[in-house]
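# Fold and contact review
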Amino acid sequence: MNLFQSRTVLKQAVNSHLLERYKMTEAHMTYGDWTLAQRGFDQRFLGKTEAIMTQGNGYLGIRAAEDERYTGEIRDTFVAGTFNAFDENEVTELPNMPDFLGLDFALNGERFTLAKGDVSDYIKELNLQNGVLTRSFTWTYKAIKLGVVFRRFVAKNDRHFLASQVNLTNLAAEPLHVSAKTGINGQTTNSGSQHFTDGVKGLVENKYLQMAPQTTHSKIDVVLTLETTVANANILKARAEMDRRAIFMNHDFDIPAGESVALERRATIYTSIDNDIANRSLTNLQKIAIDALKSKEAASFDDLIQESQEAWDAVWNVHPITITSQNAEDQLAIRFATYHLHTMTPSHDNRMNIGAKGLSGEGYKGHTFWDTEIFMLPYFIFTHPEIAKSLVTYRYLGLDGAHKKAASNHYQGAQYPWEAAWPTEGEVTPVWGAVDIVTGQSMKIWSGFIEQHITSDVAFGIKQYIDVTGDSEFAREKGYEILLDTAKFWLSRLEYNSELGLYEINDVIGADEYKEHINNNAYTNYTASWNIDYAIYLIKNLMNTRSETYYALDAKFNLKVLLEELEEKLPRIFLPQPTIDGVIPQDDSYLSKKIIDISKYKTADGVDGLFHDYNLEQVNAMQITKQADVLLLLLLFEGLFDKELKLKNFEYYEPKTTHDSSLSLSTHAILSADLGKMDQAYDFFTRAKSIDMGAYMKSSDAGIHAASLGGIWQMTVLGFGGVRMIDGKLRIEPHLPEAWERLEFGFTYQGEDISVTVSHDFVSVDKENNGNDVAFLHKGKSYILQHTLQLSLKEGNS
């Protein structure tokens, strides 16, 4: 993707003055051990908490919009995998579902809104431990004084279910008349694109509102069902109301002075692609939806929260991380990351993957990028291998789409799409993006055409999954095929330079998306070479040790011929070599480009400030890097490069890197820690955790930064915890920042659960069962873990 479709951390910033104004507001964030809260209401800054307080369970995600409606709000409800194209000229996207949670009140005939009247004690808080969102305040307007407490949750134990409750307390001296309007509003869009037909809708059994629209092109049926009850109130009037793409229920009731009323809504969503239902006919889905709500009627709202809490407990009990730090927000950051990784990951269905904004916003249309393999998959590989298996299986199911893309570009093998949706669909990157500030014309998005490292990124993720989990069944049945098919693509992608006698890869975008149409990008060439090299090893190894698997793959690939071509081309792939100063050229032309001082852009609060002074073509002609490119290569393939070379390249490229991508900081933090630059590593960590959790109130309007959240776990466990796979071998070599006194974490390695405790003086490694011994590296030495090992971290000791 190019600049104008890139991930940005503080995308809305215009200048530093505006940024400060966005910070200095009555609405501000506060943090607890398990909670993040907004204190004070400000209608200008709805998007921050809408995104970072998104609730979900991997199947369903709901943006945390206020129940009452406001100009500028973004009300999003997404169901994983339900992709649809608005028309044949637009790419597919995850459609915004009809809205359950909008709630219109009239109090004594006055519309309820926090945009008028006096609002006191406003708190909007997400509890990460149980996924419950609470909003409480007192609202005073004319003779009305109302105490309000909203609670809502998306069930972790039941993927189809969500519920919301509002408790209204009349604090005035006179009775309060309330008119409440709840329902299912299908007039929602994706920034104007309507993805659903009107569909069947109605009131069932005089109790349940139900709507059954269908996506316009993908023809997915969706059944949405809502039940509204009002407790402790004498209902004066109740009537249904129907509109185009909408159905509502109106309740009128009085609240005596000093009394409270609770209005509760329970809802379900089902679709015709759900894999937990055998009969997915529309009539059966409608019946199942009603039965599901009936089955919960005996349970109280708090009972339902407790059931969901127990499912969340199962998440928190798997390899919990404890950080003893001078900054309490460090502990919250890892919980924040873990929470969102589980709310946005569709672990229930291997036909689906993680979107770049999770299920928290429309950004990037719900599409999957290399973010999964490089930034989020490692968390699941090391902690929830069953979820990781689903994510890598998605790439196996995407082989048809990858073949389609390769063939359309006149290549062979599997060329994975830069943006993926339904796995068989292939490339879904939009062709045109935002306006060029110089020409005034729409910019072409080249990523779908020439950002090709995604193919070796997928291969890298598959290999890491196999190495860490030891899942030989997946390797034989799916993984090896992907590794060979991607290598076959790279063979066809190589271009022979007869003057050099070498194979090149020209006209690409590397990991640094500020450089388009460049030749021999280091990250691309090295990862392609690795993919081919590993395929050679794999074929030979299968030939010698796994004949049955070898012959099955031979029927698909003609392995003898493939091996000959792999071995012929591998030694002649052009790999950029360090200069006399030890710098690996990012591409053929990078080091010859103009150098400018970018310190003012690096120290600015926002991102993209560079593009207030230059357009992309001008930036392309300068030594400016958006995110880690060569440095990412050095991190992922650290066994190929010595520490001195890493240090020289870090000191060359980091000052030229703007970190305008939210993917950048975690890579630099881990590499800094490896190089002993602990103060800098912790600074990168602090900046990374602030991308979504920070004080700036416009940072997350388009949705959370999913890959950055995976990066928080990586910085903690792979960086400061020092867990790494080096050439297929486990290494544990921690180094804590000065601000941390102690770090405790765990991971699963080839079926064995391992716990690690780190201080500044020692590391203790424990194996939690009597299974197989675990071999690992530490400071260049090999160790065998049977039960417990304690190793010194002091210089000169091991």
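The rules behind these values
- Residues numbered from 1 in each chain as written.
- Predicted model: local features only at pLDDT ≥ 70, side-chain atom pairs only at ≥ 80, totals over all residues.
- Heavy atoms only, no water.
- Core = buried A, V, L, I, M, F, W, Y, C linked by side-chain atoms within 4.5 Å.
- Buried < 20%, exposed > 50% of the residue type's maximum accessible area, 1.4 Å probe, protein only.
- Helix = DSSP H or I, 4+ residues; strand = E, 2+ residues; numbered from the N terminus.
- Contact = heavy atoms within 4.5 Å.
- Salt bridge = Lys/Arg side-chain N within 4 Å of Asp/Glu carboxyl O.
- Pairing = 2+ DSSP bridges.
- Phe/Tyr/Trp six-rings, centres within 6.5 Å; stacked < 30°, edge-to-face > 60°.
- Polar contact = N/O pair within 3.5 Å; in protein donor to acceptor, adjacent residues only side chain to side chain.
- Axes fitted to C-alpha atoms, helices over the stretch in contact; angles between N-to-C directions.
- Left-handed = near helix turned anticlockwise from the far one by under 90°.
- Nonpolar A, V, L, I, M, F, W, Y, C, P; charged D, E, K, R; others polar.
- Expected span 1.5 Å × (residues − 1).
- pLDDT = per-residue confidence, 0-100.
- Patch = residues over 30% accessible without salt bridge, like charges linked within 9 Å, V, L, I, M, F, W, Y side chains within 5 Å.
- Areas by Shrake-Rupley, 256 points an atom, 1.4 Å probe, with all protein chains shown as cover.

### Quick notes on the nonpolar core
Residues Trp370, Ile532 and Phe747 are the most contacted members of the largest nonpolar core, which totals 152 residues. Take this core: its biggest share by element is twelve residues, from helix α12 (residues 522-545). Not counting residues up to four positions away in its chain, the partners in contact with Trp370 are Phe375, Trp418, His453, Ile454, Asp457, Ala511, Tyr523, Gln627, Leu632 and Leu663. Phe41, Tyr122, Trp139 and Phe150 belong to the second-largest nonpolar core, a separate cluster that totals 26 residues.

### Comments concerning the pattern of salt bridges
All told, the structure shown has 49 salt bridges when counted by the stated rule. Across the salt bridge formed by Glu93 and Lys365, the nearest N and O atoms sit 4.0 Å from each other. Taken as a pair, Glu93 in the loop between β5 (77-79) and β6 (104-107) and Lys365 in the loop between α5 (329-344) and α6 (371-383) lie far apart in primary sequence, 272 residues in all. The salt bridge involving Lys767 is made with Glu752; its shortest N-O contact spans 3.9 Å. Highlighted residues: Lys767 in strand β28 (residues 762-767) and Glu752 in strand β27 (residues 752-758), separated in sequence by 15 residues. This pair shows no difference in class: Lys767 is buried, exactly as Glu752 is. Through salt bridges with shared partners, a single ionic network connects Glu66, Asp67, Glu68, Lys124, Arg135, Arg152 and Arg265.

### Here we look at the sheet that holds strand β4 (residues 60-62)
Within the open sheet, the three strands sit side by side as β3-β4-β5. Their pairing is antiparallel. With one partner strand each, in any of the chains shown, β3 (55-56) and β5 form the two edges of the open sheet. Two elements, β4 and β5, share three bridges in a ladder whose sense is antiparallel. In the strand pairing of β5, Gly61 is matched with Phe78.

### Comments concerning the environment of Gly202
You can see Gly202 is positioned in strand β13 (residues 200-204). Taking the C-alpha atoms as reference points, Gly202 and Thr35, 167 residues apart in sequence, are found 39 Å from one another. When near neighbours in sequence (up to four residues on either side) are disregarded, Gly202 contacts Tyr208, Leu209, Gln210, Met242 and Ile247.

### Observations regarding the sheet that holds strand β7 (residues 110-111)
A sheet is described by the order of its strands in space; here five strands give the open sequence β7-β6-β12-β17-β16, paired in antiparallel fashion. The open sheet has two free edges, formed respectively by β7 and β16 (235-243), since each of these has just one partner strand. Pairing of β6 with strand β12 (residues 176-185) involves four bridges; the strand directions are antiparallel. By the bridge assignment for β12, Phe105 is matched with Ala180.

### Regarding the packing of aromatic side chains
Counted according to the given criterion, the structure contains 43 aromatic pairs. Ring geometry for Tyr364 and Phe369: centres 5.6 Å apart, planes at 85°, overall edge-to-face. Of the two residues, Tyr364 and Phe369, neither departs from the other in class, the shared state being buried. Plain terms: the ring middles of Tyr379 and Phe380 are 4.8 Å apart, the flat faces sit at 75° to each other, and that makes the pair edge-to-face. Owing to a relative accessible area of 4%, Tyr379 belongs among the buried residues under this scheme. The class for Phe380 is buried, based on a relative accessible area of 0%. An aromatic cluster is present here, built from Phe41, Tyr70, Phe105, Phe112, Tyr122, Phe137, Trp139, Tyr141 and Phe150 joined pairwise through their rings.

### So, the pairing of β12
The buried fraction of β12 is high, at seven of ten residues. Relative to strand β17 (residues 246-255), β12 is paired through ten bridges, and the arrangement is antiparallel. Among the inter-strand pairings, Thr182 is bridged to a residue of β17, identified as Met249.

### So, the side chain of Asn250
Within the secondary structure, Asn250 sits in strand β17. Within the structure, the side chain of Asn250 is placed 3.1 Å from the side chain of Glu241, a separation counted as a polar contact. In this structure, Asn250 is in contact with Ala180, Lys181, Lys237, Ala238, Arg239 and Glu241, ignoring residues within four places of it in sequence.

### Points about the pairing of strand β10 (residues 144-154)
Burial analysis of β10 places eight of its eleven residues in the buried class, which makes it a mostly covered element. Between strand β9 (residues 132-141) and β10, which follow one another and run antiparallel, lie two residues, and Lys142 among them has a positive phi close to 55°. The pairing of β10 with strand β11 (residues 161-170) spans nine bridges and is classified as antiparallel. Residue pairing in the sheet places Gly147 in a bridge with Thr169 of β11. Counted between consecutive antiparallel strands, the loop separating β10 from β11 contains six residues.

### Structural notes on the packing of helix α7 (residues 385-397) against helix α10 (residues 454-469)
Here α7 crosses α10 at 145°, and the two axes come no closer than 11 Å. Every pair of crossing elements has a handedness; the one defined by α7 and α10 is left-handed. Of the residues in α10, those touching α7 at Pro385, Ala388, Lys389, Val392 and Arg395 are Ile454, Val458, Gly461, Ile462, Tyr465 and Thr469. Residues that form the contact of α7 with α10 fall into these classes: seven nonpolar, two polar and two charged.

### Things to note about unusual backbone geometry
If you check the backbone angles, Asn206 has positive phi at about 55° while not being a glycine. Of note, Asn206 is situated in the loop between β13 and β14 (208-212). The phi dihedral of His517 falls on the positive side, at around 55°, and the residue is not glycine. Following the sequence through the fold, His517 ends up in the loop between β23 (502-504) and α12. For His517, a relative accessible area of 36% translates into the label partly exposed.

### Side note on helix α4 (residues 301-316)
Under the 1.5 Å per step criterion, the end-to-end length of α4 is 22 Å for 16 residues, consistent within 8% with the ideal 22 Å. Against the buried residues of α4 lie β3, β9, β10, β11, β18 (260-271) and α5.

### A few points about the confidence of the model for the protein
On average, residues of the protein carry a pLDDT of 93, and 95% of them reach 70 or more. Low confidence marks residues 1-22, where pLDDT is under 50. Its contacts with residues over four positions away, or in another chain, come to 78 contacts.

### Some words on a nonpolar patch on the surface
A grouping of Val431, Trp432 and Phe449 is seen on the molecular surface, where their side chains present a nonpolar patch of about 300 Å² in accessible area. Position of Trp432 relative to the elements: it lies in strand β20 (residues 432-435).

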